[in-house]
Amino acid sequence: MIGGCLLAYLTLKEMTKLKGGSVKFWIMFYVHRYIRLTGALAGVVLIYGSLLKFMPYSNKNYWYGEHESCHKNWWHNLLYINNYKENSTCLGHTWYLAVEMQLFLITPVFLAFMYWKPLIGNILTGIAVIATTLVRIYPFEQKVDDPTYDDFKNVYIKPWYRFGPYGIGLLLGSILYNCKDKQFKGTVTRVLMVIGWIVSLVTFYLVVLEYDPDPTGLTRSEYVAYQSLFRSAWATALAFVVFATAKGYGGIIGSFLSWDAFAPMAKMTYSTYLWHFCVLDYVNAMISYRVYLSQAYMSFLCISNVIVAMGVGLAAVLLFEAPTMHLEKLLFGFLGLARLPKVNKYKVE
């Protein structure tokens with residue numbers, strides 16, 4: 001949802017500057033995205049496919065299978081088709097990158113309508129969101145009757161079942177851009193914001209805490225309805241929180257989400273996402289003793305893993321992500337497609 005929102009907002013802003021864009025703009029739209037994501041991803045695939053097999057482990061080697069897959073099928077990830085390849089277990093969590101890239105390929109269709117005909121663009125996006133939400137009914141109806149049905153392979157990692165939250169993000173980005181200079185004030189607005197916050201918080205609670213993960217504890221209709229609606233419901237509630245915060249009705253939650261300390265950490269999130277499973281696998285592989293689970297132990301383990309993963313993510317930013325972004329600027333500058341990055345000269349006294 002957040003990715004779709006940022007993409008729509010920033011692209012519409014750029015299209016306004018260029019009065020709708022051009023062929024060059026849309027070519028760069030795709031090329032920049034590929035380079036931006038692939039530089040850091042290629043670094044992870046390289047390490048997994050070569051050096052990772054030399055990592056020490058205790059009772060179980062958690063990454064050998066991924067090493068073999070990355071060594072043989074590395075191109076699946078770099079072409080973002082790994083969510084269609086059943087034998088591709090290289091960096092299994094990067095199915096999300098493949099799905100987002102595939103959704104990204106069709107995004108200009110919606111953005112073009114949102115720019116030239118905002119109402120029509122929003123309606124078309126809304127129809128697509130509803131359609132991809134309703135189409136989820138069939139596979140989960142089938143799963144109820146067939147316990148062997150693999151919903152991860154057939155539903156979870158397929159883009160046509162994932163457009164709902166992404167499309168809601170596009171709608172939010174379009175609304176935020178078209179309302180960026182509008183002020184929402186008055187009693188009616190405050191009442192609507194209060195209602196929106198109540199509905200959103202209740203939605204978060206119902207989606208996360210009220211759901212019974214055991215399908216046998218639900219009726220057929222309840223199970224199918226939840227699996228079909230919960231992602232779009234969560235994304236809609238989150239979209240309201242973002243909108244309310246952007247318009248000054250975020251309250252304590254909005255102040256926390258707008259905390260300046262999140263800005264530098266946000267620059268590390270992509271690399272942290274790519275590397276965090278390596279951290280988890282290493283921690284699990286080195287355990288050579290019996291573990292007794294408790295809330296305190298799991299809390300400490302989660303917090304420490306997040307901190308270490310962020311540290312590894314920072315190193316990955318410096319080694320792979322930032323150099324790739326700088327090389328992209330140099331390449332586009334030499335090709336005359338953009339300005340060369342500014343060189344700062346310092347005098348030594």
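You'll find the structure just up there.
So, here's what we can say about the structure. Worth saying up front: this structure is predicted, and the values here are computed from it rather than measured.

Reading the values: the criteria
Residues numbered from 1 in each chain as written. Predicted model: local features only at pLDDT ≥ 70, side-chain atom pairs only at ≥ 80, totals over all residues. Heavy atoms only, no water. Helix = DSSP H or I, 4+ residues; strand = E, 2+ residues; numbered from the N terminus. Expected span 1.5 Å × (residues − 1). Bend = angle between axes of the 7 residues up to and from the residue. Buried < 20%, exposed > 50% of the residue type's maximum accessible area, 1.4 Å probe, protein only. Contact = heavy atoms within 4.5 Å. Phe/Tyr/Trp six-rings, centres within 6.5 Å; stacked < 30°, edge-to-face > 60°. Patch = residues over 30% accessible without salt bridge, like charges linked within 9 Å, V, L, I, M, F, W, Y side chains within 5 Å. Areas by Shrake-Rupley, 256 points an atom, 1.4 Å probe, with all protein chains shown as cover. Salt bridge = Lys/Arg side-chain N within 4 Å of Asp/Glu carboxyl O. Core = buried A, V, L, I, M, F, W, Y, C linked by side-chain atoms within 4.5 Å. Axes fitted to C-alpha atoms, helices over the stretch in contact; angles between N-to-C directions. Parallel < 35°, antiparallel > 145°, perpendicular 65-115°, else oblique. Left-handed = near helix turned anticlockwise from the far one by under 90°. Nonpolar A, V, L, I, M, F, W, Y, C, P; charged D, E, K, R; others polar. Disulfide = S-S within 2.5 Å.

It is worth spelling out helix 14 (residues 295-334) at this point. Taking 1.5 Å per residue, 40 residues should reach 58 Å; helix 14 reaches 55 Å between its end C-alpha atoms and fits that length. For helix 14, the principal kink sits at Val317 and spans about 50°. Among the residues of helix 14, those classed as buried are Leu301, Asn305, Ala309, Met310, Gly313, Ala316, Val317, Glu321, Thr324, Glu328, Phe332 and Gly333. Those residues of helix 14 that are buried are in contact with helix 2 (23-49), helix 12 (262-266) and helix 13 (269-285). Residue Gly336 follows helix 14 closely and has a positive phi angle near 80°.

This part is about the packing of aromatic side chains. A full pass over the atoms with the stated rule returns 24 aromatic pairs. Between Trp26 and Phe29 the ring centres are 5.1 Å apart and the planes differ by 70°, which places this aromatic pair in the edge-to-face class. Of this pair, Trp26 and Phe29 both sit in helix 2, 3 residues apart, which is roughly one turn of the helix. Just as Trp26 is buried, Phe29 falls in that class too. An angle of 0° between the planes, with centres 4.7 Å apart, marks the rings of Tyr226 and Phe230 as stacked.

With that settled, consider a nonpolar patch on the surface. Among the surface-exposed residues, Val194, Ile198, Val202, Tyr205, Leu206, Val208, Leu209 and Trp234 lie close enough to one another that they form a single nonpolar patch of about 750 Å² accessible area. It is helix 9 (residues 187-208) that provides the largest number of residues to the nonpolar patch, a total of 6 residues. Within the secondary structure layout, Leu206 lies in helix 9.

Counting 59 residues, the largest nonpolar core has Leu41, Leu91, Phe163 and Leu274 as the members making the most contacts within it. Per-element accounting of this core gives the leading share, 10 residues, to helix 4 (residues 95-116). For Phe163, the residues in contact, after removing those within four places along its chain, are Leu103, Phe110, Thr125, Ala128, Val129, Thr132 and Leu170. In this structure, Phe140, Tyr149, Tyr161 and Val224 belong to the second largest nonpolar core, which totals 6 residues.

With that settled, the discussion passes to the packing of helix 8 (residues 163-178) against helix 10 (residues 220-246). It is the contact of helix 8 with helix 10, at a shortest axis distance of 9 Å, that shows an interaxial angle of 20°. Our classification of the angle between helix 8 and helix 10 gives roughly parallel. The interaxial crossing formed by helix 8 with helix 10 has right-handed handedness. Across the interface between the two elements, Gly164, Pro165, Ile168, Leu172, Ile175 and Leu176 from helix 8 touch Arg231, Ser232, Ala235, Thr236, Ala239, Val242, Phe243 and Ala246 from helix 10. In terms of residue class, the contact of helix 8 with helix 10 is built from 10 nonpolar, 3 polar and 1 charged.

Before going further, it helps to examine the environment of Ala98. Looking at the element boundaries, Ala98 is found in helix 4. Taking the C-alpha atoms as reference points, Ala98 and Leu79, 19 residues apart in sequence, are found 8.1 Å from one another. Among residues more than four places away in sequence, those in contact with Ala98 are Tyr80, Ile81, Asn82 and Asn83.

This brings us to the environment of Glu328. Here Glu328 shows up in helix 14. The class for Glu328 is buried, based on a relative accessible area of 7%. Counting along the chain gives 289 residues from Glu328 to Gly39, while the straight-line C-alpha distance between them is 9.8 Å. Sequence-distant contacts of Glu328, that is, excluding residues within four places in its chain, are made with His32 and Ile35.

Inspection of the entire model under this criterion finds 1 disulfide. Two residues, Cys70 and Cys90, share a disulfide whose sulfurs are 1.9 Å apart. On the S-S bond that ties Cys70 to Cys90, the torsion sits near 90°, and the link is right-handed. With a gap of 20 residues between them, Cys70 in helix 3 (residues 64-78) and Cys90 in the loop between helix 3 and helix 4 connect regions that are remote in the sequence.

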